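Residue-level structure breakdown
Spelled out, the chains give:
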Amino acid sequence: MSVVDTVKRVVPESCQKQRCSKDRCSVLLAGVPQPRVVVDMDCDALGIPGDAVRCDYVVVSGSDQTLRIVPIEMKSGRVNNGRAVVGQLQAGADFAQRWARNWGTARLVPVLAHGKGVGKLALKELRGARISFRGTRLRPQLVRCGERIAGLLGEKVA
């Protein structure tokens with residue numbers, strides 16, 4: 001059974017989505033490899049306490065040899081608090097890491113999708129931040145709402 005199949009089996013079906021869209025912000029999944037599963041981290045069926053920090057989505061994509069784990073935080077307005085976003089993305093990475101204990105190679109790509117830009121201080125916080133995953137530390141990637149994320153995953157975008 002592939003990693004994506006395992007996630008689909010473990011995550012309640014009501015928490016699995018076809019797209020990433022929240023509060024007037026979305027990202028395009030065109031070009032993101034199949035198989036993939038999009039997990040809505042706000043889904044009550046996951047059993048995450050309501051006051052817990054979390055990102056909006058975690059996308060698990062690709063084959064077991066080219067596996068990508070993508071925590072995504074979406075902000076339709078201007079981002080002024082980079083530290084809060086880093087905490088949300090780290091929570092998504094931590095959640096995926098619990099799934100990924102026995103997985104082989106997996107690459108994390110934390111993503112912030114923003115609608116009206118990133119404030120100067122928030123940008124500085126994001127550029128200096130690192131999201132930890134399986135012993136690696138990765139800088140969050142930024143995209144505007146409505147853009148594709150495939151290029152961030154190392155995929156060619158046509």
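None of these values were measured; they are calculated from a predicted model.

**Describing the packing of helix 2 (residues 82-99) against helix 3 (residues 120-128)**
- Packing of helix 2 against helix 3 brings their axes to within 8 Å, and their N-to-C directions diverge by 35°. Across from Gly82, Arg83, Val85 and Val86 in helix 2, the residues of helix 3 making contact are Ala122, Glu125 and Leu126.
- When the residues that make up the contact of helix 2 with helix 3 are grouped by side-chain class, the tally is 4 nonpolar, 1 polar and 2 charged.

**Topic: helix 1 (residues 3-10)**
- Buried residues of helix 1: Val3, Val4 and Val7, and no others. Along the long axis of helix 1, the arc covered by the buried residues comes to 100°, so they all point the same way.
- For helix 1, the secondary structure elements touched by its buried residues are strand 1 (16-17), strand 4 (36-40), strand 5 (57-61), strand 6 (67-75) and helix 2.

**Comments concerning the pattern of salt bridges**
- Under the definition given, this model contains 5 salt bridges.
- The residue aspartate 42 makes a salt bridge to lysine 22 at a minimum N-O spacing of 2.7 Å. Of this pair, aspartate 42 sits in the loop between strand 4 and strand 5 while lysine 22 sits in strand 2 (residues 20-22); the two residues are 20 residues apart in sequence, bridging distant segments of the chain.
- A relative accessible area of 14% places lysine 22 in the buried class.
- In this structure, the salt-bridge partner of lysine 75 is glutamate 73, at a minimum N-O distance of 3.2 Å.
- Through salt bridges that share partners, Lys22, Asp40, Asp42 and Arg54 make up one connected network.

How each quantity is defined
Residues numbered from 1 in each chain as written. Predicted model: local features only at pLDDT ≥ 70, side-chain atom pairs only at ≥ 80, totals over all residues. Heavy atoms only, no water. Axes fitted to C-alpha atoms, helices over the stretch in contact; angles between N-to-C directions. Helix = DSSP H or I, 4+ residues; strand = E, 2+ residues; numbered from the N terminus. Contact = heavy atoms within 4.5 Å. Nonpolar A, V, L, I, M, F, W, Y, C, P; charged D, E, K, R; others polar. Buried < 20%, exposed > 50% of the residue type's maximum accessible area, 1.4 Å probe, protein only. Arc of directions from axis to C-beta. Salt bridge = Lys/Arg side-chain N within 4 Å of Asp/Glu carboxyl O.

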